[in-house]
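The primary structure of each chain is shown beneath.
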Amino acid sequence: MEIIEIMIEAAKKAGSILKDGYESSYDVKIKSSSADLVTSVDLDSQSAIIETLEKTNIPIVAEESTQKITEKNAFYVDPLDGTLNFVHGIPFFCVSIGYWENEMPIIGVVYDPLRDELFYGIKDKGAYLNGKKLSVKKKDLKDSILSTGLPYNRQKMMRAIEETKKIISSVQEVRILGSAALSLCYLAAGRIDGYWEDEIYPWDVAAGIAISTEAGVKITNFDGKDYKLKEIEIVGAIPEIHQEILRILKGF
Ligand code: IPD
Ligand code: CA
Ligand code: CA
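Residues numbered from 1 in each chain as written. Chains lettered and ligands numbered in written order. Predicted model: local features only at pLDDT ≥ 70, side-chain atom pairs only at ≥ 80, totals over all residues. Heavy atoms only, no water.

**Description of the coordination of the calcium ion (ligand 3)**
Protein coordination of the calcium ion (ligand 3) is provided by Glu63 (OE), Asp78 (OD), Asp78 (OD) and Leu80 (O), with donor distances spanning 2.2 to 3.1 Å. All donors to the calcium ion (ligand 3) come from one chain, and their sequence spacing reads E-x14-D-x1-L. Taken as a pair, the calcium ion (ligand 3) and the calcium ion (ligand 2) lie 3.7 Å from each other and share Asp78 as a ligand. Summarising the burial analysis for this pair, Asp78 and Leu80 share the class buried. (Donors = N, O, S within 2.8 Å, 3.2 Å for Na, K, Ca; no water. Buried < 20%, exposed > 50% of the residue type's maximum accessible area, 1.4 Å probe, protein only.)

**Description of unusual backbone geometry**
Negative phi characterises most residues that are not glycine, and trans characterises most peptide bonds. Although it is not a glycine, Glu103 adopts a positive phi angle of roughly 70°. Mapped onto the elements, Glu103 comes out in the loop between strand S5 (94-101) and strand S6 (104-112). We note that Asp116 has phi near 50°; this positive angle belongs to a residue other than glycine. (Helix = DSSP H or I, 4+ residues; strand = E, 2+ residues; numbered from the N terminus.)

**Observations regarding the packing of aromatic side chains**
Under the definition given, this model contains 9 aromatic pairs. Plain terms: the ring middles of Tyr22 and Phe86 are 5.6 Å apart, the flat faces sit at 50° to each other, and that makes the pair tilted. Note that Tyr22 is positioned in helix H1 (residues 3-22) and Phe86 in helix H3 (residues 83-88), a separation of 64 residues in sequence. Accessibility assignment for this pair places Tyr22 and Phe86 in one class, buried. Counting every residue linked through ring pairs, the aromatic cluster contains Tyr22, Tyr26, Phe86 and Phe93. Across the ring face of Tyr111, the terminal group of Lys12 is positioned such that the distance to the ring centre comes to 5.6 Å. The ring of Tyr186 is capped by Arg191, whose NZ or CZ atom sits 4.6 Å from the centre of that ring. (Phe/Tyr/Trp six-rings, centres within 6.5 Å; stacked < 30°, edge-to-face > 60°. Lys NZ or Arg CZ within 6 Å of the ring centre and 35° of its normal.)

**Considering the domain arrangement of the protein chain**
On domain assignment, one finds that the protein chain holds domain 1 (3-134) and domain 2 (141-249). The straight-line distance from the C-alpha centre of domain 1 to that of domain 2 is 19 Å. Contact residues are listed per partner, giving 43 residues for domain 1 and 28 residues for domain 2. Buried surface at the junction of domain 1 and domain 2, both sides included, amounts to about 2,700 Å², of which 67% is carbon and sulfur. For the interface between domain 1 and domain 2, the tally reads 1 salt bridge. Across the pair Glu117 and Arg191 runs a salt bridge whose closest N-O atoms are separated by 2.8 Å. (Domains from an automatic or database assignment. Contact = heavy atoms within 4.5 Å. Buried area = accessible area lost by both parts, 1.4 Å probe. Salt bridge = Lys/Arg side-chain N within 4 Å of Asp/Glu carboxyl O.)

**Describing helix H7 (residues 239-250)**
Over its 12 residues, H7 runs 17 Å from end to end, which matches the ideal 16 Å to within 8%, given 1.5 Å per residue. Regarding H7, the residues found buried are Ile241, His242, Ile245, Leu246, Ile248 and Leu249. In an axial view of H7, the angular spread of the buried residues amounts to 165°, which keeps them on one side of the axis. (Expected span 1.5 Å × (residues − 1). Arc of directions from axis to C-beta.)

**Focus on the environment of Val87**
The topology assignment puts Val87 in helix H3. Residue Val87 is classed as partly exposed on the basis of its relative accessible area of 28%. C-alpha of Val87 to C-alpha of Tyr22: the two residues are 65 residues apart in sequence and 7.8 Å apart in space. Val87 has contacts with Tyr26, Val28, Leu37 and Thr39, leaving out every residue within four places of it along the chain.

**Some remarks on the coordination of the calcium ion (ligand 2)**
Within the protein, the atoms that donate to the calcium ion (ligand 2) are Asp78 (OD), Asp81 (OD) and Asp204 (OD), at distances of 2.1 to 2.2 Å. Donor residues for the calcium ion (ligand 2), ordered by position in the chain, follow D-x2-D-x122-D.

**So, the pairing of strand S4 (residues 74-81)**
The element S4 is largely enclosed, with a buried count of 8 among its 8 residues. With 3 bridges connecting them, strand S3 (residues 60-62) and S4 associate as parallel partners. Paired with Ile60 across the two strands is Phe75, which belongs to S4. Pairing of S4 with S5, which is carried by 6 bridges, proceeds in the antiparallel orientation. In the sheet register, Val77 faces S5, and the bridge partner there is Ile97. (Pairing = 2+ DSSP bridges.)

Written out as C-alpha cells, the structure reads:
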C-alpha cells in the first residue's frame, strides 16, 4: 500500500469516529484556555489514526501526544481540527494528516466527515477534492474573502484583532472559520482567497500546506519567507494578493 492510501484509510476511520461522536456525549477537558479544549473523541480519533499509520514505521507527531516536532520525515496529525466548533455543534471540523520529508510538504490528507469531503495533495501531482483536481482562482484583493483564527492566548488575540482591523477595509470580508486545516483546503478549492494566523502548530497546517501549495497557493511566514513547520505564524493566499496581504499586515 502506498503512504497516501494508508493516510486516507486513517483519515476515513477517524472521520467516522468524529461523525459518531458529534451526535453523542463525550468528556471535555480544558487545555491552555477556556477556548482550547480536548474531548474523548479527539483521543479516540487520534488512537485510530496512530494505529493505522504505524504500519508505515514513519514517526508520528500528533497533537494530543508528547512527541516533538522533528526535522526528519514524519506524519503530523490533528485528530480533530476545530474542536471548539465540534463541542458547540457547529458542523465545521475535520481530520488532518500531513506527511513531510526534510522540512518539505509531501502529502496532505484532510477529511471533513460531515460533508464527506476528502481533500488531498501530493507533491508535484496536484491537489484534489473527492478526486476532482483543484486550482486557485484569480481575484483582486477587494473581491477576496480571507480567513483567520484568534489565538487562544488573549494577548496574541488582540494582535490578531488589530491585524483584522488593518485588512478589513481592503477586502470583501474576513471570516473566522474555526479550523486551520479546512481554511487551507478552502483556499485550495477557491472558496476563500487568503488565510493568515498568528499561532498555529504543525498538526494544524502540515496537511493543508501540502494540499494548498499543489493547488497554486503561496504560503509563507510573516516575513514573506518559506514557512517552516516550527514557525507559529503563517500567511497563505492566491499569488496575486499574497504580497499585498503581507504589506497590510506587517507594513512592508
Ligand atoms: C484550532 C483550529 C482553529 C485555529 C487554532 C487551532 P484545534 O485547532 O484550527 O481554527 O484558529 O489556531 O489551534 O484546537 O481545534 O485542533
Ligand atoms: Ca488544530
Ligand atoms: Ca485538534
